[in-house]
Amino acid sequence: MNNSSLSATLISELTSIVGAENILTSTEDRICYAYDGQRVEYVPEAVLRPADSQQISRILTLANEERFPVVPRGAGTGLSGGSVAASGGVVLDLTRMDRIIEVDPGNLHMIVEPGVITTAIINKAESIGLLYPPDPGSMSVSTIGGNVAENAGGLRAGKYGVTRNYLMQIQAIAPTGEAFLSGARTRKCVAGYDLVSLMCGSEGTLGVITEISLRLVPMPKYRKSMMATFPDAASAGQGIADIIAAGLVPSTLEIIDNTTLRVIEDYAHLGLPIDAGALVLVEFDGLVESVVDEESDQAFRSLESSGATTVQQADDAEQRDKIWQARRVALAALSRARPTSILEDVTVPLPRLSEMIDRVQQIGQKNSVMIGTFGHAGDGNLHPTILADDRDEEEMKRVEAAVEELIAAALQLGGTVSGEHGIGFSKAPFLAQEVGEGSMEVMRRIKRALDPNGILNPGKFV
Ligand SMILES: Cc1cc2nc3c(=O)[nH]c(=O)nc-3n(C[C@H](O)[C@H](O)[C@H](O)COP(=O)(O)OP(=O)(O)OC[C@H]3O[C@@H](n4cnc5c(N)ncnc54)[C@H](O)[C@@H]3O)c2cc1C
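Counting restarts for each chain: residues are numbered from 1 in the order of the written sequence. A pLDDT threshold of at least 70 governs which residues receive local features in this predicted model, and a stricter bar of 80 or more applies before side-chain atom pairs are shown or counted, although totals over entire chains, interfaces and linings include all residues. Heavy atoms from the whole structure form the basis of all side-chain values; hydrogens and water molecules are not counted.

Undergrad: Teacher, can you tell me more about the pattern of salt bridges here?
TA: Oppositely charged side chains are able to pair whenever their charged atoms sit close together. Criterion for a salt bridge: a side-chain nitrogen of Lys or Arg within 4 Å of a carboxyl oxygen of Asp or Glu. Evaluation of the coordinates by the stated rule reveals 22 salt bridges. In this structure, aspartate 285 engages lysine 159 in a salt bridge whose closest nitrogen and oxygen atoms are separated by 2.7 Å. With aspartate 285 in strand E14 (residues 278-286) and lysine 159 in helix H6 (residues 157-160), this residue pair connects regions lying 126 residues apart in the sequence. Of the residues examined, aspartate 285 reaches a relative accessible area of 6% and is grouped as buried. Only protein chains enter the accessibility calculation, which uses a 1.4 Å probe; a residue whose area is less than 20% of its type maximum is buried, one above 50% is exposed, and one in between is partly exposed. You can call lysine 159 partly exposed: its relative accessible area is 32%. Here glutamate 211 and arginine 185 are joined by a salt bridge, their closest N and O atoms 3.1 Å apart. Placement of glutamate 211 in strand E10 (residues 208-215) and of arginine 185 in the loop between strand E9 (179-183) and helix H7 (195-199) is noted, with a sequence separation of 26 residues between them. Several salt bridges converge on common partners, so that one network encompasses Glu437, Glu441, Arg444, Arg445 and Arg448. Strands here are runs of E lasting at least two residues and helices are runs of H or I lasting at least four, both read from the DSSP assignment and numbered beginning at the N terminus.

Okay, here's the thing in structure tokens:
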């Protein structure tokens, strides 16, 4: 049954582009695309599942003629409302475009379509002895197109950087329907404006990414993980800052506070030390075993002298996996604790990390809201997660106040409103506070120049 609000003529034109089996118009189907990982709900008027860049180009050309919004979507795991149709229109589900097109170990690159799942890329690289480092917590579900559009980070970002650092070339369709190419399949490229960087992190507002050439690196042969307990989260934050200040570069450096630790244990039964004030998880990797050993030993000593209550090295792969499983299930575990979880993404300079952790706790107490904090603390990136019940209006007012205070605190400490989850819909009210009106106006001009009719993902950050 077609119960979309698009006209029958338009539905028929869109059907002729993608085929009848790749246009979803029933309410039941469309509701599945009404959410991302956040608490927002906008049911699109139709969902289109294109097979290739030509179909995307035709859809965007039609959208400009008929003036309906188009919202690109990967797996919908985004945490800022980027893939929901906040201003109506159609969702462009890119998951059918899921081919790994080419792997070139000689040039250390892989060419993929946007709908490939991140883990499939990591596994493919691993199968030829190479590493694709960006590993967002959602990697077993998220798509590479979504990772590029959000410039996703991951647990390894402290040493290896974020998605942008692994992009060689991007093919995309402009909001007005024309195909364009940016970057090159070379180690270096300064030919023209850096459109790869413009597209990366543009959250589906400046073009639909249709093909991506990714840079790969040699697979580190050795890994060493350890877990430290601290009496409280602020001292754990200081322990993390001390590791970085000592000149060490762990591949992963994460924090889990006591609230989060308890819900993880309740969820996953990993035998975690639930009485600890906070956990710090550290991993070093590298190509030379003695270097990895030396770095781990230095980090061990640094953690002890920063006041860690215990520091324990993983003796084998099983123990190591347990440590990282604890971190990877953090959000899922928190989401079970109460009906509503609001995940923040504040990021501060490392020397201010411990202060930010203190501020999170004060903000929780002041507004009487429960906050569990975890995150990529080695990057200064924290995910304070407020646990609430959105049926309780009075509680939700306190949650809103707490969110505003968290963001204000991060900005006061010289940080940013989003380290990795993007601005999308939910952070849009806060962006100008960080970047200022001058920067907002430059962004609006770029958007108008590329998308004069406001077709692609309107209502998002600019
Ligand atoms: C449990 C969990 C853990 C997470 N952990 C991390 C983490 O560690 N690090 C991190 O950075 N994020 C993390 N995230 C957030 C999210 O997974 C990332 O932002 C991811 O990159 C989104 O990918 P996606 O395929 O789900 O994109 P979607 O959510 O579908 O879309 C995200 C944005 O990208 C746009 N988009 C998608 N595909 C394209 C395309 N081909 N062309 C143009 N625009 C496109 C959409 O319009 C939207 O604005 C996590 C989310 C969850 C639920």
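Undergrad: What am I meant to see in the domain arrangement of the protein here?
TA: By a frequent convention, interface size equals the accessible area lost on bringing the separate parts together. These domain limits were set by an automatic method or by a database of domain assignments. For the protein, the assigned domains are domain 1 (8-93), domain 2 (100-218) and domain 3 (222-412). Accessible surface is computed with a 1.4 Å probe, and the buried area is the amount of it that two parts give up when combined, taken over both parts together. Across the interface of domain 1 and domain 2, roughly 1,000 Å² is buried in total on both sides, 65% from carbon and sulfur atoms. It is Leu60, Pro72 and Thr77 in domain 1 that bury the most area against domain 2; as a group they hold 34% of the surface buried on that side. Here domain 1 and domain 2 share 0 salt bridges between them. The definition of a polar contact used here is a pair of N or O atoms within 3.5 Å, where within protein one atom must be able to donate a hydrogen and the other to accept one, and adjacent residues in sequence count solely through side-chain atom pairs. At the boundary of domain 1 and domain 2, one finds 2 residue pairs in polar contact (both at pLDDT 80 or more). With 6 residues, helix H3 (residues 53-66) is the single largest residue contributor to the side of domain 1 that touches domain 2. When the residues that make up the side of domain 1 that touches domain 2 are grouped by side-chain class, the tally is 5 nonpolar, 7 polar and no charged. Asp, Glu, Lys and Arg are counted as charged, while Ala, Val, Leu, Ile, Met, Phe, Trp, Tyr, Cys and Pro are counted as nonpolar; the rest, among them Gly, fall into the polar class.

Undergrad: For this particular structure, what's the right way to read helix H12 (residues 330-337)?
TA: An α-helix turns once per 3.6 residues; consequently, residues spaced three or four apart project the same way. Of the residues making up H12, those classed as buried are Ala330, Ala333 and Leu334. Along the axis of H12, the buried residues cluster in a sector spanning 100 degrees; they form a single face. When checking whether two residues touch, look at their non-hydrogen atoms; a contact exists if any pair is within 4.5 Å. Lining the buried residues of H12 we find helix H9 (258-268), helix H11 (317-328), strand E17 (370-375) and strand E18 (383-388). Throughout, the arc means the angular range of directions from the helix axis out to the C-beta atoms.

Undergrad: Teacher, can you tell me more about the nonpolar core here?
TA: Think of a nonpolar core as a cluster: buried Ala, Val, Leu, Ile, Met, Phe, Trp, Tyr and Cys residues, connected wherever their side-chain atoms sit within 4.5 Å. In this structure, Val280, Leu303, Met356 and Ile386 are the most contacted members of the largest nonpolar core, which totals 49 residues. Considering each element in turn, this core owes the most residues, 8 residues, to helix H14 (residues 393-412). Setting aside its immediate chain neighbours within four residues, valine 280 contacts Met226, Met227, Ala228, Phe230, Ala236, Ile240, Leu253, Glu254 and Leu303. Core analysis: the next-biggest nonpolar cluster, separate from the first, contains 27 residues, Leu131, Tyr160, Tyr166 and Met199 among them.

Undergrad: Is there a simple way to think about the packing of aromatic side chains in this case?
TA: Pairs of aromatic rings are described using the distance from one ring centre to the other and the angle between the two planes. Paired rings are identified among Phe, Tyr and Trp, the last through its six-membered ring, by centres lying within 6.5 Å, and are further divided according to the angle between planes into stacked (under 30 degrees), edge-to-face (over 60) and tilted (the rest). The final tally for this structure, using the stated rule, is 2 aromatic pairs. Pairing tyrosine 42 with phenylalanine 425 gives two aromatic rings, centres 5.4 Å apart and planes at 75 degrees, and the pair type is edge-to-face. Remark: phenylalanine 425 occurs in the loop between H14 and helix H15 (428-450) and tyrosine 42 occurs in the loop between helix H2 (27-31) and strand E2 (46-48); sequence separation between them is 383 residues. Taking relative accessible area as the criterion, phenylalanine 425 reaches 27% and is therefore assigned partly exposed. Judged by centre distance (6.1 Å) and plane angle (80 degrees), the ring pair of tyrosine 132 and tyrosine 166 falls under edge-to-face. A residue pair is termed long-range when its members are at least 10 positions apart, and tyrosine 132 in the loop between strand E7 (130-131) and helix H5 (144-150) and tyrosine 166 in the loop between H6 and strand E8 (167-173) qualify at 34 residues.

Undergrad: Sorry, what's going on with the environment of threonine 186 here?
TA: Looking at the element boundaries, threonine 186 is found in the loop between E9 and H7. Looking at threonine 186, the relative accessible area reads 39%, which means it is partly exposed. For threonine 186 and threonine 15, which are 171 residues apart along the polypeptide, the C-alpha to C-alpha distance reads 39 Å. Here lysine 188 takes part through its backbone oxygen, which lies 2.5 Å from a polar atom of the side chain of threonine 186.

Undergrad: What should I look at first to understand the sheet that holds strand E15 (residues 310-313) in this one?
TA: As a general point, the strands of a sheet are linked pairwise by backbone hydrogen bonds and lie either parallel or antiparallel. Think of it this way: DSSP has to see at least two bridges between two strands before they count as a pair. If you walk across this open sheet you meet the 7 strands as E15-E12-E14-E13-E17-E18-E16, and the pairing is antiparallel. Looking at which strands have only one partner, the edges of the open sheet turn out to be E15 and strand E16 (340-343). Strand-to-strand twist of the sheet, defined as the mean angle between neighbouring strand axes without regard to direction, takes the value 20 degrees. Inspection of the sheet shows E16 paired to E18 by 4 bridges, in the antiparallel sense. The residue bridging isoleucine 342 from the neighbouring strand is isoleucine 386, located in E18. Note on geometry: axes are C-alpha line fits, over the in-contact stretch for helices, and angles between N-to-C directions span 0 to 180 degrees.

Undergrad: Would you explain the side chain of histidine 421 in this entry?
TA: Within the element layout of this structure, histidine 421 appears in the loop between H14 and H15. What makes histidine 421 buried here is its relative accessible area of 14%. With residues up to four places along the chain from it excluded, the contact list for histidine 421 reads Leu79, Ser80, Glu150, Leu343, Asp345 and His383.

Undergrad: I'm lost on the site of the ligand in this one. Help?
TA: Near the ligand lie 34 residues; those nearest to it are Pro72, Gly74, Thr77, Ser138 and Thr143. In the model, an oxygen atom of the ligand is placed 2.7 Å from a nitrogen or oxygen of the threonine 143 side chain. Between the ligand and asparagine 147 there is a distance of 2.9 Å, counted from an oxygen atom to a side-chain nitrogen or oxygen. We get accessible surface area from the Shrake-Rupley algorithm with a probe of 1.4 Å; when it comes to residues, only the shown protein chains can shield them. Isolated, the ligand exposes 970 Å² of accessible area, and the fraction of that covered by the protein chains is 93%. Those elements that provide at least two residues to the shell around the ligand are strand E3 (70-73), H5 and E10. Among the elements that line the shell around the ligand, the one with the most residues is H5, at 5 residues. The residue makeup of the shell around the ligand, split by class, is 11 nonpolar, 19 polar and 4 charged. A domain split of the shell around the ligand shows at least three residues from each of domain 1 (8-93) and domain 2 (100-218). Being near a molecule or strand, for a residue, means having at least one of its heavy atoms within 4 Å of it.

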